[in-house]
Protein chains: 2
Amino acid sequence: MADVVLFEFLHAEMVAELGARDPDPGPGGQKRSLSVLEGTGFRVGQALGERLPRETFREELDVLKFLCRDLWVAVFQKQMDGLCTNHQGTYVLQDNSFPLLIPMALGLQYLEDAPKFLAFTCGLLRGTLRTLGFQSLVTSSVATLPACKFQVEIRKS
Amino acid sequence: MADVVLFEFLHAEMVAELGARDPDPGPGGQKRSLSVLEGTGFRVGQALGERLPRETFREELDVLKFLCRDLWVAVFQKQMDGLCTNHQGTYVLQDNSFPLLIPMALGLQYLEDAPKFLAFTCGLLRGTLRTLGFQSLVTSSVATLPACKFQVEIRKS
């Protein structure tokens, strides 16, 4: 189905366009691009959070399971591969083959470009959590392409 | 299904972000935004054209029918409502309820903003046609929201 790849194509074009438009190619300029991508993901996540069929969450962990299962299937047509927690509000979500990193894993891009391809999704997770009533801080890391981890810290209000 | 609306949300954010980033809010700045949106649509259309199951096209009209049916279903989960031609290389594709204009039709935006929400799709049609071997010029027009028309002129090579 073409609509499955449509989001991936559009995301890749958005990353390229924001990078090309940045007047400052240095670290400051890249930081601005990442911030825009993260903000875009946040607003899309907020809107998606309103649309996804929602169950009643008894525990914080249930919300994270919802992201790993329902949100990931809606956006990437697959479930997250792993979920760990320190039981103190920090969660690590592991995707062993993250779709937005696969073109890079085929050698079309380089590892140092990985943050650009993860910023939108960090925002997506943060925005969905916001709609579900949770303030959070979401960061990402890559060790081996195309695997990646998203670390979610739930902020107590 | 959330993935159906995912493209629409991301498209809306891209339109908003490009508008907000433009240093020149006048007609020149808007022209630049429209050109970027059209170019983004073009590259997504080129890539989608490679992915869509393709049949053998005996006539130019068959290619336009392919856009109205296969491309539209892949991107918007519906077929185009009408297709007219002057039999001299110009085609008018009519969508009576274009998904990317529906939020505006509900009063969230205004008619003068319509071109911003059509530029990407003009590029999408032009890019798909390019992959299928046709040079074209694609323009759009709106009379009553959320209906719109795309005019495709096939350029003879």
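Model, not experiment: these values are computed from the prediction. (Residues numbered from 1 in each chain as written. Chains lettered and ligands numbered in written order. Predicted model: local features only at pLDDT ≥ 70, side-chain atom pairs only at ≥ 80, totals over all residues. Heavy atoms only, no water.)

Student: So what about the packing of aromatic side chains? Which residues, and what values?
Tutor: Considering all chains together, one arrives at 16 aromatic pairs over all chains under this definition. Every member of this aromatic cluster is reached through a ring pair, and the members are Phe 7, Trp 72, Phe 76, Phe 98, Phe 120 and Phe 150 of chain A. (Phe/Tyr/Trp six-rings, centres within 6.5 Å; stacked < 30°, edge-to-face > 60°.)

Student: Tell me what's going on with the side chain of His 11 of chain B, and back it up with residues and numbers.
Tutor: One can find His 11 of chain B in helix H1 (residues 2-21). Residue classification places His 11 of chain B among the buried positions, given a relative accessible area of 1%. Apart from residues no more than four positions distant in its own chain, His 11 of chain B is found in contact with Leu 10 of chain A together with Leu 100, Phe 117 and Phe 120 of chain B. (Helix = DSSP H or I, 4+ residues; strand = E, 2+ residues; numbered from the N terminus. Buried < 20%, exposed > 50% of the residue type's maximum accessible area, 1.4 Å probe, protein only. Contact = heavy atoms within 4.5 Å.)

Student: Account for the pattern of salt bridges, with residues named and values stated.
Tutor: The tally for this structure, following the rule as stated, stands at twelve salt bridges over all chains. As a salt-bridge pair, Lys 78 of chain B and Asp 95 of chain B come within 2.6 Å of each other at their nearest N and O atoms. Here Asp 95 of chain B lies in strand S2 (residues 90-95) and Lys 78 of chain B lies in the loop between helix H3 (60-76) and strand S1 (82-85), a separation of 17 residues in the sequence. By relative accessible area, which is 21% here, Lys 78 of chain B ends up partly exposed. Here the residues in one salt-bridge network are Lys 78, Asp 81 and Asp 95 of chain A, joined through shared partners. (Salt bridge = Lys/Arg side-chain N within 4 Å of Asp/Glu carboxyl O.)

Student: Lay out H3 of chain B in plain terms, naming residues and giving numbers.
Tutor: The periodicity of an α-helix, 3.6 residues per turn, causes residues three or four positions apart to be oriented the same way. All names here are of chain B. With 17 residues, H3 ought to run about 24 Å at 1.5 Å a step, and its terminal C-alpha atoms sit 23 Å apart, in line with that. At Phe 66, H3 shows its strongest bend, of approximately 30°. Among the residues making up H3, those that are buried are Glu 60, Val 63, Leu 64, Phe 66, Leu 67, Cys 68, Leu 71, Trp 72, Ala 74, Val 75 and Phe 76. (Expected span 1.5 Å × (residues − 1). Bend = angle between axes of the 7 residues up to and from the residue.)

Student: Quick rundown of the pairing of strand S1 (residues 82-85) of chain A? Include the residues and the values.
Tutor: All names here are of chain A. Bridging between S1 and strand S2 (residues 90-95) involves four bridges; their strand directions are antiparallel. Opposite Leu 83, over in S2, you have Leu 93 as the bridge partner. Here S1 folds back onto S2, and the loop between the two strands holds four residues, one of which, His 87, carries a positive phi near 60°. (Pairing = 2+ DSSP bridges.)

Student: Help me get a handle on the environment of Arg 69 of chain B, residues and values and all.
Tutor: Residue and element names in this part refer to chain B. Note that Arg 69 resides in helix H3. Since its relative accessible area comes to 32%, Arg 69 is described here as partly exposed. Each C-alpha atom of the pair Arg 69 and Gln 79 lies 5.0 Å from the other, and the pair is ten residues apart in sequence.

Student: Please give an account of the confidence of the model for chain A that cites residues and values.
Tutor: Regions with low pLDDT should not have their predicted coordinates read in detail. When pLDDT is averaged along chain A, the result is 87, and 90% of the positions lie at 70 or above. For this predicted complex, the interface confidence reaches an ipTM of 0.81, while the overall pTM sits at 0.85. (pLDDT = per-residue confidence, 0-100.)

Student: Now, about the sheet that holds S2 of chain A: what can you tell me, with residues and values included?
Tutor: All names here are of chain A. Across the sheet, which stays open at both edges, the four strands sit in the order S1-S2-S4-S3 with antiparallel pairing between neighbours. The sheet terminates laterally at S1 and strand S3 (135-141), the two strands that pair on one side only. Neighbouring strand axes in the sheet, compared pairwise and without regard to direction, differ in orientation by 20° on average. Bridge count between S2 and strand S4 (residues 148-155): six bridges; the pairing is antiparallel. (Axes fitted to C-alpha atoms, helices over the stretch in contact; angles between N-to-C directions.)

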